[in-house]
Amino acid sequence: MQSHDVDYKILGDDIQVLEVELDPNETVIAEAGAMVYMEEAIAFETKMGDGSEPDQSLMSKLFSAGTRLITGESLFMTHFTHRGSYGKSRVAFSAPYPGTIIPLELRTLPQGLIVQKDGFLAAARGTKINIHFNQKLGAGFFGGEGFILQKITGDGRAFIHAGGTVIEKQLNNELLRVDTGCVVAFEPSIDFNITRAGGLKSMIFGGEGLLLATLRGTGRVWLQSMPVKKLIQALAPSGGNARKESGSVLGNLGGLFDE
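All values derive from a computational prediction rather than experimental measurement.

S.K.: Any chance you could break down the overall build of the chain for me, citing the residues and the numbers?
M.R.: Counting secondary structure elements, the chain contains five helices and 17 strands. Across the 259 residues of the chain, 43% fall into the buried class. Contacts spanning at least 24 positions in sequence make up 79% of the contacts within the chain whose residues lie at least 6 apart. Carbon and sulfur atoms make up 54% of the accessible area of the chain, which totals about 13400 Å².

Printed below as a string of structure tokens:
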């Protein structure tokens, strides 16, 4: 199914809002609960699946929707359609936590894009959103970030969100090591794995965590400076010490060595 050609604006700086402009009969799909406001001509309907295959059988729809539960997303998606007969109408969405919205032209990504499991925000109808299992041993063994992902494909516009500042990097047959929670998205040409962070001393006493994500190959990757887990830790009652020691095996016991 060819994607609808939607226009958009991104409003704000630190806590952004995506405003999508629809012509009559155009539709945008979004995660349930992401809508901020919509104009009078916009009608919405909650459906199973992304609507990219209108002739899909009921069993296929159930399977497709069920895989979303594995990624921690809602079983349903909301479809917003301009039901008026003329003019343009607008609907706006926001991410579930502060950060940056990234617009993507999927026609420039013929192989699609691999996105962290909670990174998808909205897309033009016709965009296909599938579950993506990382087959690498490290990611499968350790689970968490990097094992269950989403793959977005299509020929229209899609929007993903990230925490804090977004960094886009182009790898040219290179290796990049990243905090596991900081990976937002990457092209399928990138080899993604989860590996041990370092030696035993670093794993026990360091504050960078037990694991690192490795991105190797040629293609684009998108990183975020403030994953939602780090944001929660920063806002925890224990404050900065929790953030400093959260990656250590010793946790809060690490403070004993400061005496």
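S.K.: Break down the nonpolar core for me, with residues and values.
M.R.: The biggest cluster of nonpolar side chains holds 18 residues, and the ones touching the most others in it are Leu-113 and Ile-160. Elements supplying a minimum of two residues to this core: strand E8 (99–105), strand E9 (113–115), strand E10 (120–124), strand E13 (157–163) and strand E15 (183–186). Looking at which element gives the most residues to this core, the answer is E13, with three residues. With residues near it in sequence (within four places) discarded, Leu-113 still touches Leu-104, Gln-150, Lys-151, Ile-152, Ile-160, Ala-185, Phe-186, Glu-187, Pro-188 and Trp-222. One finds Val-6, Ala-34, Ile-42 and Ala-124 within the second-largest nonpolar core, a separate group that totals 16 residues.

S.K.: I'd like a rundown of the side chain of His-161, residues and numbers included.
M.R.: By the secondary structure assignment, His-161 is in strand E13. With a relative accessible area of 2%, His-161 lands in the buried category. Within the local environment of His-161, its side chain forms a polar contact with the backbone oxygen of Asp-118, the two atoms lying 3.0 Å apart. Apart from the residues lying within four places of it in its own chain, the contact partners of His-161 are Ala-95, Pro-96, Tyr-97, Thr-100, Ile-101, Gln-116, Asp-118, Gly-119, Phe-120, Leu-121 and Val-184.

S.K.: Would you mind going over the sheet that holds E13 in detail, with residue names and values included?
M.R.: With antiparallel pairing, six strands are arranged side by side in an open sheet as E5-E6-E3-E10-E13-E8. Edge strands, defined here as strands with exactly one partner in the open sheet, are strand E5 (42–48) and E8. Strand after strand, the sheet turns through a mean of 20 degrees between neighbouring axes, direction not considered. Pairing geometry for strand E3 (residues 27–31) and E10, over three bridges, is antiparallel. Each bridged residue has a counterpart across the sheet, and for Ile-29 the counterpart in E10 is Ala-123.

S.K.: Describe the pattern of salt bridges, listing the residues and the values that go with them.
M.R.: Under the criterion given, the structure shown has eleven salt bridges. Among the ionic pairs, Glu-187 bridges to Arg-220, the shortest N-O distance being 3.5 Å. In this pair, Glu-187 is assigned in the loop between E15 and strand E16 (190–196) and Arg-220 in strand E17 (residues 211–224), connecting sequence segments 33 residues apart. Residue class for Glu-187 comes out buried when judged on its relative accessible area of 16%. Each of the salt bridges in this network shares a partner with another, and the network as a whole consists of Asp-5, Asp-7, Glu-105, Arg-107 and Arg-157.

S.K.: Tell me what's going on with the confidence of the model for the chain, and back it up with residues and numbers.
M.R.: For the chain, mean pLDDT is 78; residues scoring 70 or higher make up 69% of the total. Predicted confidence is poor over residues 137–145, with pLDDT under 50, and the contacts of this stretch with residues over four places away or in other chains come to 14 contacts. Here residues 242–259 is a poorly scored stretch, pLDDT under 50, and it has 25 contacts once near neighbours within four places are set aside; other chains count.

S.K.: I'd like to hear about the pairing of strand E7 (residues 89–94), residue by residue, with values.
M.R.: Examined bridge by bridge, strand E2 (residues 17–22) and E7 share six bridges and lie antiparallel to one another. Bridged to Glu-19 within E7 is Ala-92. Alignment of strand E4 (residues 35–38) against E7, held across three bridges, turns out to be antiparallel. Of the residues in E7, the one forming a bridge with Met-35 is Phe-93.

The rules behind each value
- Residues numbered from 1 in each chain as written.
- Predicted model: local features only at pLDDT ≥ 70, side-chain atom pairs only at ≥ 80, totals over all residues.
- Heavy atoms only, no water.
- Helix = DSSP H or I, 4+ residues; strand = E, 2+ residues; numbered from the N terminus.
- Buried < 20%, exposed > 50% of the residue type's maximum accessible area, 1.4 Å probe, protein only.
- Contact = heavy atoms within 4.5 Å.
- Areas by Shrake-Rupley, 256 points an atom, 1.4 Å probe, with all protein chains shown as cover.
- Core = buried A, V, L, I, M, F, W, Y, C linked by side-chain atoms within 4.5 Å.
- Polar contact = N/O pair within 3.5 Å; in protein donor to acceptor, adjacent residues only side chain to side chain.
- Pairing = 2+ DSSP bridges.
- Axes fitted to C-alpha atoms, helices over the stretch in contact; angles between N-to-C directions.
- Salt bridge = Lys/Arg side-chain N within 4 Å of Asp/Glu carboxyl O.
- pLDDT = per-residue confidence, 0-100.

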